[in-house]
Amino acid sequence: MHKDLSLLIELQNLDLEIDKNKEMKETLSSQIEEGHKKKARLEEDLSHKQDTLKQTKKERREKERGIEEFDLLLAKHEEEKYKVKSQEEFAVLEKEISRAEKEKVEIEDTLLDLMEKEEELTDFLPSLGIKVRQESKVLGKKEDILKADLKNVIEQSQEIEDKREKIISQLNSVLLKQYKQLQKVKDGLVVVPVKDGNCEGCNMKVSPSLIGSLRRGEEIIYCESCNRILYILNS
Ligand SMILES: [Zn+2]
């Protein structure tokens, strides 16, 4: 086989590996990022629920203080009942008492809701905390594996790049230019074998005279139909 031809085939194999590695790097990076996002979502959810519990406790204490204040107010009004001098004053006081009682009931209703919410969160949060810690740990382990894989792919890519540089330095520059141009316009391979007399790139028949030239291996042969660079296996 023509010396440049074997170099081209090697170059093409390396380019295919580079493409594969690039895809792998993208997949691994996005998997790592997905893991980060998932971990952040879990932690955010936990911290949001912890904040809600804190807020609920605070509101519950406020409502409890509110009820205490209304109790004091109502006790004060009860005492005032004995001090009023007229029916009218008494009526005003009764009205005031009834208003305060109504407000107290409203606060008590809210308090009950808050207590229920607080109880639910207090029961639920420890198990959620454990779940988040466990899942974060699993995600962390997965990330370690993905990062190690990514490191390998990057190292491998560097090795391939080094090999590629070496081949390019040995390759005829005009041929390299042709190869690169063909790479741009051809979908897939640009250096293809002839199989059963046909070009593997376009499946068209390769003329016997070209096959003869290929066998002699003295020059680079292009497919007459698709312009791809041809080679014959085991020749
Ligand atoms: Zn062809």
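Just above, that's the structure.
This part covers the overall build of the chain. Summing up its helical and strand segments, the chain has 4 helices and 3 strands in all. Reading the chain from its N end, one meets helices and strands in the order α-α-α-β-β-α-β. What you see for the chain is a C-alpha radius of gyration of 41 Å, clearly larger than the 18 Å of a compact globule of 235 residues, by over 25%. For the chain, the C-alpha atoms occupy an extent of roughly 130 × 30 × 30 Å along the three principal directions. Long-range contacts, defined here as pairs at least 24 residues apart, represent 73% of the contacts in the chain between residues at least 6 apart. Accessible surface computed for the chain: about 16200 Å², of which carbon and sulfur atoms make up 51%. Seen as two clouds, the 44 positive and the 52 negative side-chain charges of the chain have centres 7 Å apart.

Right, let's talk about the coordination of the zinc ion for a bit. Looking at the metal site, the zinc ion is ligated by C199 (SG), C202 (SG), C223 (SG) and C226 (SG), spaced 2.2 to 2.3 Å from it. Between the 4 donor atoms coordinating the zinc ion, the angles at the centre fall across 105 to 113 degrees, so the site counts as tetrahedral. Counting along the primary sequence, the residues that act as donors to the zinc ion give the motif C-x2-C-x20-C-x2-C. Residue C202 is found in the loop between β2 (198-199) and α4 (208-216), and its partner C226 is found in the loop between α4 and β3 (229-231); the two are separated by 24 residues along the sequence. Judged by its relative accessible area of 24%, C202 is partly exposed.

A separate point is the sheet that holds strand β1 (residues 191-195). Reading across from one edge, β2-β1-β3 is the order of the 3 strands in this open sheet, with mixed pairing throughout. Each having just a single partner strand, β2 and β3 make up the two edges of the open sheet. Summarising the sheet, β1 and β2 pair through 2 bridges and their orientation is antiparallel. Across the sheet, residue V194 finds its bridge partner in β2, namely C199.

Bringing the nonpolar core into the picture now. Core analysis: the largest hydrophobic core is formed by 19 residues, its most contacted members being L5, L8, L11, L171, Y179, V191 and I229. Counting only elements with at least two residues in this core, the list comes to α1 (3-81), α2 (87-170), α3 (173-185) and β3. In terms of residue count, α1 provides more of this core than any other element does, 6 residues in total. Counting 12 residues, the second largest nonpolar core, distinct from the first, contains V192, V194, C199 and I232.

Okay, the pattern of salt bridges next. Under the defined criterion, the tally for this structure stands at 14 salt bridges. Measuring nitrogen to oxygen at the nearest pair gives 3.9 Å for the salt bridge that ties E108 to K104. Separated by 4 residues within a single helix, E108 and K104 lie in helix α2, roughly one turn from each other. With a relative accessible area of 32%, E108 lands in the partly exposed category. A cluster of three or more residues bridged by salt bridges with shared partners is formed by R60, E64 and E118.

Bringing the pairing of β1 into the picture now. Of all 5 residues that make up β1, 4 are buried, and the element is covered over most of its length. Pairing of β1 with β3, which is carried by 3 bridges, proceeds in the parallel orientation. By the bridge assignment, V191 is partnered in β3 with I229. Between β1 and β2, which pair antiparallel in sequence order, lie 2 residues; one of them, D196, sits at a positive phi of approximately 50 degrees.

About the cut-offs
Residues numbered from 1 in each chain as written. Predicted model: local features only at pLDDT ≥ 70, side-chain atom pairs only at ≥ 80, totals over all residues. Heavy atoms only, no water. Helix = DSSP H or I, 4+ residues; strand = E, 2+ residues; numbered from the N terminus. Rg over C-alpha atoms; globule rule 2.2 N^0.38 Å. Contact = heavy atoms within 4.5 Å. Areas by Shrake-Rupley, 256 points an atom, 1.4 Å probe, with all protein chains shown as cover. Lys, Arg positive; Asp, Glu negative; His and termini not counted. Charge placed at Lys NZ, Arg CZ, Asp CG, Glu CD. Donors = N, O, S within 2.8 Å, 3.2 Å for Na, K, Ca; no water. Tetrahedral: all angles 85-135°; square planar, octahedral: opposite > 155°, others 65-115°. Buried < 20%, exposed > 50% of the residue type's maximum accessible area, 1.4 Å probe, protein only. Pairing = 2+ DSSP bridges. Core = buried A, V, L, I, M, F, W, Y, C linked by side-chain atoms within 4.5 Å. Salt bridge = Lys/Arg side-chain N within 4 Å of Asp/Glu carboxyl O.

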